[in-house]
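Descriptive analysis of the structure
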Amino acid sequence: MAPSGPQPALPTLVVLLGALLLGPSNAQTSVFPSEVILPRGGSVKVNCSASCDQPILLGMETPLPKKEILPGGNNWKMYELSNVQEDSQPMCYSNCPDGQSSAKTFLTVYWTPERVELAPLPPWQPVGKNLTLRCQVEGGAPRANLTVVLLRGEKELSRQSAVGEPAEVTTTVPVGRDDHGANFSCRTELDLRPYVLKLFENTSAPHQLQTFDLPATPPQLVSPQVLEVDTQGTVVCSLDGLFPASEAQVYLALGDQKLNPTITYGNNSLSAKASVKVTAEEEGTQQLLCAVMLGTQTQETRQTVTIYSFPAPNVNLTKPEVSEGTEVIVECEAHPRAKVMLNGVPAQPPGPRAQFLLKATPEDNGRSFSCSATLEVAGQLVHKNQTRELRVLYGPRLDEKDCPGNWTWPENSQQTPMCQAWGNPLPQLKCLKDGTFPLPIGQSVTVTRDLEGTYLCQARSTRGEVTREVTVNVLSPRYEVVIIPVVAAAVILGTAGVTTYLYNRQRKIRKYRLQQAQNGTPMKPNTQATPP
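Everything in this summary refers to the structure shown in the same document. Keep in mind the model is a prediction, meaning the values are calculated, not measured.

What counts as what
- All residue numbers here refer to positions counted from 1 along the written sequence of the relevant chain.
- Restriction of local features to residues with pLDDT of at least 70 applies here, the model being predicted, together with a cutoff of 80 or more for giving and counting side-chain atom pairs; totals for whole chains, interfaces and linings are based on all residues.
- Where side-chain values are given, they derive from all heavy atoms of the structure, hydrogens and water being excluded.
- A pocket, in this scheme, is an open set of points on a 1 Å grid over the protein atoms alone with protein on both sides within 12 Å along at least 5 of 7 lines, while a cavity is a set where a 1.4 Å probe fits but cannot get out; residues line either one if an atom lies within 4 Å of a point.
- Grid points are joined across faces, edges and corners, and a volume is the space filled by probe spheres set on the points.
- Starting at the N terminus, helices and strands are each numbered in turn, a helix being any DSSP run of H or I of at least four residues and a strand any DSSP run of E of at least two.
- Buried, partly exposed and exposed residues are distinguished by accessible area as a fraction of the type maximum, computed with a 1.4 Å probe on protein chains only: under 20%, between the cut-offs, and over 50%, respectively.
- Each pair of aromatic rings taken from Phe, Tyr and Trp, with Trp reduced to its six-membered ring, is defined by centres within 6.5 Å and is described as stacked if the planes are under 30 degrees apart, edge-to-face if over 60, and tilted in the remaining cases.
- Strand pairing is assigned whenever DSSP detects at least two bridges linking the two strands.
- Grouping buried Ala, Val, Leu, Ile, Met, Phe, Trp, Tyr and Cys residues that are joined through side-chain atoms within 4.5 Å yields what is termed a nonpolar core.
- Any two residues whose heavy atoms approach within 4.5 Å are treated as being in contact.
- The rule for a salt bridge is simple: a side-chain nitrogen of Lys or Arg has to be within 4 Å of a carboxyl oxygen of Asp or Glu.

1. Notes on empty space enclosed by the protein
- For the coordinates displayed, the defined rule picks out 1 cavity of 30 Å³ or more.
- There is about 40 Å³ of room inside the largest cavity.
- Lining the largest cavity are Ser223, Pro224, Leu227, Val235, Leu254, Val276, Leu288 and Val305.

Laid out in structure tokens, this is it:
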């Protein structure tokens, strides 16, 4: 990558001509400055001088572009060197009458790295595993002053010298959950402060680390072990102790059927819930799979689910509606591997079919016949039930229980005459006195003398008719006046008789005890209640 730090400016070095030292004998060549540090592509002015006053020859030898500047003197010249790309050692030389000599100036070129790049991090890094950071640096000089720093955020992890081209610096760090989402980078530092310049820094683009922690325990899978065709079941898959839970994915499938779970995330847990409906094509044994995927790892659990088909048993009647006295066959039939019970009675021998014969009576009207079938599936017992109702047609009925033959009511009281006729179909009921005066069955009436008399109740349906006489007696108020004093007198006489009996009994007991005491006979303690 291109360096991101600032490039130094190109200073112009002006060399001041110093005093010339003339030696009495040996020739000497001088160069100023003797050492220069400059940015790559920069220029510098260098002065070459000879010790003799009139040198025969004075010049500079260098592969760099050079240009003589200023008029110069008898024994000195100034050159400008430009576009200096790398370290160089230009040489000044002179030829004096007393000899030849030369001198070098040392040019050091500096430049910041052209590429500082942190190698890509793994997409996911397991917690507890060491992470190797790798930084590559291309270019940059002088290398003796170039350092590579590996960073976590702003925290320094490692500091090393840049060696080789390109330079590669590595370090290994442990990884924990708190490193999830942390930024890692590397930085180069070109320290030219010893040369009275500054510290130049280039930093790579940061890379964010994603860590994960998936426990070694498999997920917990809760589902029905058996599932009936065309029914719906619920599957729940959960796992605790994973990090970060929100980044985990869940795959749920029953055989070839992929399920669509609803996932609920906790701090370090997840729960995936899905509904599953099976068809007849899936009948048999299927594998239920729950896989939790996080980072580069997967934990899975498998469970066997048995898909079965079990229709409800059939309850058949010879006819659902028959006349009283008709023979009816009740039959129950279920799955070939099932065992049935008909009205609570197991089939003999145990099997998928049972039946019995009955003669229809009025009491069988509306009777339900229940068939219960049991099937064993993968070690579990599943049950199905079916019921059918029998209707029995029979003629009208009027009996004493539901239609009393005699009513006695006080005059002017409120009463409700009740008479219930039975039959299938339900008969119509009429109660008439003298063929015209109706008895208001089921209605509240005030009892009057007109209500008294004998009524003929008739119940009629398509199955026939029956009749019954019902008598209504009305008590006048004078009977009540006579009855009340008689009852009161009986109560008074009864009370007086009981009182007289108890008094005479206590008097006889006291007299007996007195006689026993006079005769000197010891009395036994009374440990029992006095008999009545």
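2. A look at the environment of glutamate 363
- Checked against the element boundaries, glutamate 363 lands in the loop between strand 34 (353–359) and strand 35 (367–377).
- According to the relative accessible area criterion, glutamate 363 is exposed, its value standing at 60%.
- In this structure the C-alpha to C-alpha distance between glutamate 363 and arginine 391, which are 28 residues apart in sequence, comes to 10.0 Å.

3. Quick look at the packing of aromatic side chains
- One pass over the full model with this rule turns up 5 aromatic pairs.
- Ring geometry for tyrosine 110 versus phenylalanine 200: centroids 6.0 Å apart, planes at 25°, classification stacked. Of this pair, tyrosine 110 sits in strand 9 (residues 106–110) while phenylalanine 200 sits in strand 17 (residues 199–203), and the two are 90 residues apart along the sequence. Neither tyrosine 110 nor phenylalanine 200 differs from the other in exposure class; each is buried.

4. A word on the pairing of strand 15 (residues 167–174)
- Burial along strand 15 is one-sided: Ala167, Val169, Thr171 and Val173 are buried, while Glu168, Thr170, Thr172 and Pro174, pointing the other way, are not.
- Bridge analysis of strand 12 (residues 130–138) against strand 15 gives 8 bridges, and the strand direction is antiparallel. Opposite asparagine 130, over in strand 15, you have proline 174 as the bridge partner.

5. Some thoughts on the nonpolar core
- Formed by 27 residues in total, the largest nonpolar core has its most connected members in Leu242, Leu252 and Val292.
- Every element with two or more residues in this core is listed here: strand 22 (232–240), strand 23 (249–254), strand 26 (269–277), strand 27 (284–294) and strand 28 (297–308).
- Residue contacts for valine 292: discarding those within four places in its chain leaves Leu214, Pro219, Leu239, Leu242, Ala248, Gln249, Val250, Leu270, Gln297, Thr298 and Gln299.
- If you look at the next biggest cluster of nonpolar residues, it comprises 25 residues, including Ala360, Phe369, Ala373 and Val377.

6. What about unusual backbone geometry?
- Look at the link from glutamate 165 to proline 166: it is a cis peptide, with omega at -5°.
- Within the secondary structure, proline 166 sits in the loop between strand 14 (155–161) and strand 15.
- Note the cis peptide between asparagine 424 and proline 425, where omega equals 5°.
- The topology assignment puts proline 425 in the loop between strand 39 (422–424) and strand 40 (428–433).
- In this structure, asparagine 343 takes a positive phi of about 55° despite not being glycine.
- Of note, the phi angle at aspartate 434 is positive, near 60°, even though the residue is not glycine.
- In this structure, aspartate 434 sits in the loop between strand 40 and strand 41 (437–438).
- On the accessibility criterion, aspartate 434 (71% relative accessible area) is exposed.

7. Thoughts on the pairing of strand 36 (residues 380–397)
- Relative to strand 36, strand 30 (residues 321–323) is paired through 3 bridges, and the arrangement is parallel. Residue pairing across strands places glutamate 321 opposite arginine 391, the latter belonging to strand 36.
- Both strand 35 and strand 36 contribute to a ladder of 11 bridges, which runs antiparallel. Residue pairing across strands places serine 368 opposite glutamate 389, the latter belonging to strand 36.

8. Thoughts on the pattern of salt bridges
- Within this structure, the stated rule accounts for 24 salt bridges.
- Notably, a salt bridge pairs arginine 115 with glutamate 138, separated by 3.0 Å at the nearest N-O pair. Separated by 23 residues along the polypeptide, arginine 115 in strand 10 (residues 115–118) and glutamate 138 in strand 12 bring together distant segments of the chain.
- The salt bridge partner of arginine 397 is glutamate 324, with a shortest N-O separation of 3.8 Å. Residue arginine 397 is located in strand 36, and its partner glutamate 324 is located in the loop between strand 30 and strand 31 (327–333); the two are separated by 73 residues in the primary sequence.
- Through salt bridges with shared partners, a single network forms among Glu156, Arg159, Arg187 and Glu189.

The quantities given are spatial measurements derived from coordinates; they are silent on function.
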